[in-house]
Amino acid sequence: WLKFSLHRRADATRNRHSTFPEMRVAGSFVATAVASSSASAETANPIRRVVSLLQSMQVKIEAEGEKQDKLFAKFQCYCESNSAKLSDSIAAAKSQIEALGSDIESATEDRKQTVADLQSAKDDRESANKSIEDATQQRKKENTAFEKSSSDLKTNIAALSKAIPAIENNMVAFLQSEGSALKKAVEAAPEVSDYDKSSVESYLQSLSGSESGYTPQSGEIVGILKQMHETMEKELAEITKTEGEALTDFNEMVASQNKAIQAATDTIEEKTEQSGALAVQIVQLKNERDDADDQLKADTGYSAQLDKDCTQQTAEYAQVKQTRADELLAIADTIKILNDDDVLDLFKKAIPSLLQVRSSTKDMAKKALKFVRSSGPGSPRLDLIALALQGKNVNFDKVLKMVDQMIDTLKKEQTDDDAKQTYCKKEFDTTEDEAKEIKHHQEHLDQTNAELQAAIKDAQERIATLTSGIKDLDKSVAEATETRKEEHDSYIKATAQDQAAVQILEFAKNRLQKFYNPKLHKEGPKRELSEEEKMYSAYGGDLGTTPAPGGLAGTGVSVSMIQVSSLVTGRDEPPPAPKMGGYKKQQGGGVLGMIDRLVNDLKTEMNENKLEENDAQQDYEQLMKDSADKRAADSKAISEAESVLAEAQSDLSANKDDLRANAKKSKQNHEYNQDLHKTCDFLLDNYDARKKARTDELEGLDKAKAILSGADFSLIQTTGRKGSRFLA
């Protein structure tokens, strides 16, 4: 707005100087001079009136110059401070762009190297796999060849091993049946001479009776075969050793290549992660560089525009100051001329002739002056025209020209005021709408902020509650597991005791049955003999008596889980011997019945315990299943709550950024509104008055122009020779 004010003042100064080239004076300075001299307009000395008017103009021009100097000083401060800030910002942006460029180049080179290392690791792994594959195929071929050679050698060695003792023992039949195998072994021998081979073949043919002529002796053949046997065994040992060494080398190579593959795989994983991180870093650095470049362009453009505006305004203000100085100099020179004593004497003699103009011209000027004064009292621009109409030698053409220029100026000013009024109203409406929108958005952001904080609190409380519930659930499960274990151990112990008791009762019952009911007696299981015992017994050995069964009371029943202690009581003296007589069996049915009832009671108790154990186990398994389901559901709920919490925290952070941005926007809106009030309040408050004043001025000017336009200039004459010199 300082810039706008300077523009307006500079434009006003230029318009003032271009509109009134003859006077070189601003219309605003005339009002005071006219007002101070209007009371004595008819009686005061005209020259003195002109001097007083010029002095008033001089004072006002100087005052206005001081105001403009202060405004321009503020404008210069604005230019200097903003230029310095922009220079610092541009230098910082250039430095940042340079640093980011170096970082991008470094990160790009690092990524290229990382990609190259990654590809190298992949090539190394592929090469290692290929080496293992090739070595495996080669190993298979070598092993196949070894197996074939080994098999052939073993077959031949076996044939030789059988043939040598057969020849030594003269086992002709064996040699005739195994001759083909021996012949193959001889033919396959690599280091046997053809003569030896021929000798062995001749010997074998002699055994079949088909050979005539010389037949080698068996001793010679045995020597040849033993030599062949020894040679083949050495060859078998050598290829076996070679195969073992090859297998060892292969295993070592595979182990080494596997280590290389693992190392390459680790490198691939590391370099892949590093490459991805570098790619993300490069994108981020480029985005930062683009942002810094955009900021640099914006600051550079604004700095150039600021320098241009400041330079232009400085040049224009220098012209304004020069024009003002020229005006003050012209006024000072004029005052000096008019105050000269010789000039005053001249005017005293010349003034009477200036008043000899026809009354018709004066009447027209007075009428026009009346309309001018009545249309805009106190208007500096109309006062200037009024001053022109009050002169003795009125030039109506010049006055009409001044009136036309004044009318154009008034119309232009009214057009500017109309445009500015429209602009101000529109801007006020826009600013008010933006303020309402900002306020509404602020309320929405505040509500969202409260909702997000409540959601975060709820999520945290829910997570804490679920976590505590899981801990309590785990504790309950552990306690239930311990209780179930104790109950199961108790069940096992009780069942073992009951089963032992049943077995003892059945053993006792069987023992009674042997005496009272032999038909119902069940013999004990026979002794299981081992293989050694069976062979020993088969060859007449005596195994001895079957050892007595162990366990409780010799029943063979034992309960390893409990310790049963027996009470040893003292014995009384034996009773006297009974009288001999016939023996009568007791009735054993009652005892057997009692034993059966005890067995049934124990079995019933065991069945009940088993049912209770099954029910307890089912309840425990159901509890474990329900607990696992609940724990999984709670864990899932915690994960979901943590996801909700993370999302809410992220939204809250974004919402806070929006709050700060909205607050900044609100501040900017408020500052713009304040600036708008500073610029527009005066115009809007005084718009109607200014418009009415201009309308009155235009009406007065139109009437004055009509009067002046209707004047008959041919009737204007002077009454003396001196007067003719002052007429236009």
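About the thresholds
Residues numbered from 1 in each chain as written. Predicted model: local features only at pLDDT ≥ 70, side-chain atom pairs only at ≥ 80, totals over all residues. Heavy atoms only, no water. Helix = DSSP H or I, 4+ residues; strand = E, 2+ residues; numbered from the N terminus. Buried < 20%, exposed > 50% of the residue type's maximum accessible area, 1.4 Å probe, protein only. Phe/Tyr/Trp six-rings, centres within 6.5 Å; stacked < 30°, edge-to-face > 60°. Lys, Arg positive; Asp, Glu negative; His and termini not counted. Salt bridge = Lys/Arg side-chain N within 4 Å of Asp/Glu carboxyl O. Polar contact = N/O pair within 3.5 Å; in protein donor to acceptor, adjacent residues only side chain to side chain. Contact = heavy atoms within 4.5 Å. Disulfide = S-S within 2.5 Å. Patch = residues over 30% accessible without salt bridge, like charges linked within 9 Å, V, L, I, M, F, W, Y side chains within 5 Å. Areas by Shrake-Rupley, 256 points an atom, 1.4 Å probe, with all protein chains shown as cover. Charge placed at Lys NZ, Arg CZ, Asp CG, Glu CD. pLDDT = per-residue confidence, 0-100.

Colleague: Describe the overall build of the protein, with residues and values.
Modeller: Summing up its helical and strand segments, the protein has 13 helices and zero strands in all. Classification of the 728 residues of the protein by burial places 29% in the buried group.

Colleague: Explain the packing of aromatic side chains to me, and be specific about the residues and the numbers.
Modeller: Applying the stated criterion to the full structure yields three aromatic pairs. Aromatic pair Phe-72 and Phe-75: ring centres 6.2 Å apart, planes at 35°, arrangement tilted. You can see Phe-72 and its partner Phe-75 sitting in helix H3 (residues 46-168), three residues apart, about one turn around the helix. Judged by its relative accessible area of 1%, Phe-75 falls in the buried class. Taken together, Phe-72, Phe-75, Tyr-78 and Tyr-317 form an aromatic cluster joined through their ring pairs.

Colleague: Tell me about the side chain of Glu-427, and name the residues and values.
Modeller: Within the secondary structure, Glu-427 is located in helix H11 (residues 396-516). Here Glu-427 sits buried without a salt bridge, and the closest side chain of opposite charge, Lys-426, lies 5.8 Å off (N-O distance). Of note is the side chain of Glu-427, whose polar atom sits 2.5 Å from the side chain of Tyr-672. The residues touching Glu-427, leaving out its near neighbours within four places in the chain, are Tyr-672 and Leu-676.

Colleague: Please give an account of the state of the cysteines that cites residues and values.
Modeller: Going through the model one piece at a time under the given rule, you end up with two disulfides. With a sulfur-sulfur separation of 2.0 Å, Cys-79 is cross-linked through a disulfide to Cys-310. Where Cys-79 bonds to Cys-310 through sulfur, the torsion about that S-S bond is close to -95°, and the disulfide is left-handed. Residue Cys-79 is located in helix H3, and its partner Cys-310 is located in helix H7 (residues 218-338); the two are separated by 231 residues in the primary sequence. Looking at Cys-79, the relative accessible area reads 8%, which means it is buried. Note that Cys-424 is cross-linked by a disulfide to Cys-680, the S-S spacing being 2.0 Å. The sign of the -70° torsion about the S-S bond sets the Cys-424-Cys-680 disulfide as left-handed. Pair noted here: Cys-424 is in helix H11 and Cys-680 is in helix H13 (residues 589-709), with a separation of 256 residues, a long-range link. When the cysteines of the protein that form disulfides are numbered from the N-terminus onward, they connect as 1-2, 3-4. The closest cysteine sulfur to the non-disulfide-bonded Cys-77 is located on Cys-79, 9.3 Å from its own sulfur. You can call Cys-77 partly exposed: its relative accessible area is 48%.

Colleague: Break down a negative patch on the surface for me, with residues and values.
Modeller: A cluster of acidic residues, Asp-601, Glu-605, Glu-608, Glu-612, Asp-615 and Asp-619, forms a negative patch at the surface. Relative to the assigned elements, Asp-619 resides in helix H13. For Asp-619, a relative accessible area of 54% corresponds to the exposed category.

Colleague: Give me the environment of Glu-105: which residues, what numbers.
Modeller: By secondary structure assignment, the location of Glu-105 is in helix H3. Linking Glu-105 and Ile-282, residues 177 residues apart in sequence, is a C-alpha distance of 8.8 Å.

Colleague: Describe the pattern of salt bridges, listing the residues and the values that go with them.
Modeller: One pass over the full model with this rule turns up 17 salt bridges. A salt bridge links Glu-142 to Arg-139; the nearest nitrogen and oxygen atoms lie 3.3 Å apart. With a gap of three residues between them, Glu-142 and Arg-139 both fall in helix H3, about one helical turn apart. Here Glu-142 falls in the partly exposed class, since its relative accessible area comes to 33%. What makes Arg-139 buried here is its relative accessible area of 8%. Notably, a salt bridge pairs Asp-474 with Arg-631, separated by 2.8 Å at the nearest N-O pair.

Colleague: Can you lay out the environment of Glu-413 for me, pointing to particular residues and giving the numbers?
Modeller: Take Glu-413: it is sitting in helix H11. A residue is classified by how much of its surface remains accessible, and Glu-413, at 25% relative accessible area, is partly exposed. Distance in space between the C-alpha atoms of Glu-413 and Lys-691 is 9.5 Å, their sequence separation being 278 residues.

Colleague: Explain the confidence of the model for the protein residue by residue, including any values.
Modeller: Close inspection of predicted coordinates is inappropriate in any region flagged by low pLDDT. For the protein, mean pLDDT is 75; residues scoring 70 or higher make up 67% of the total. Taken together, the stretch residues 1-44 has pLDDT below 50 and engages in 62 contacts with residues farther than four places along the chain or on a different chain. Per-residue pLDDT stays below 50 along residues 210-215; that stretch engages in six contacts with residues further than four places along the chain or on separate chains.

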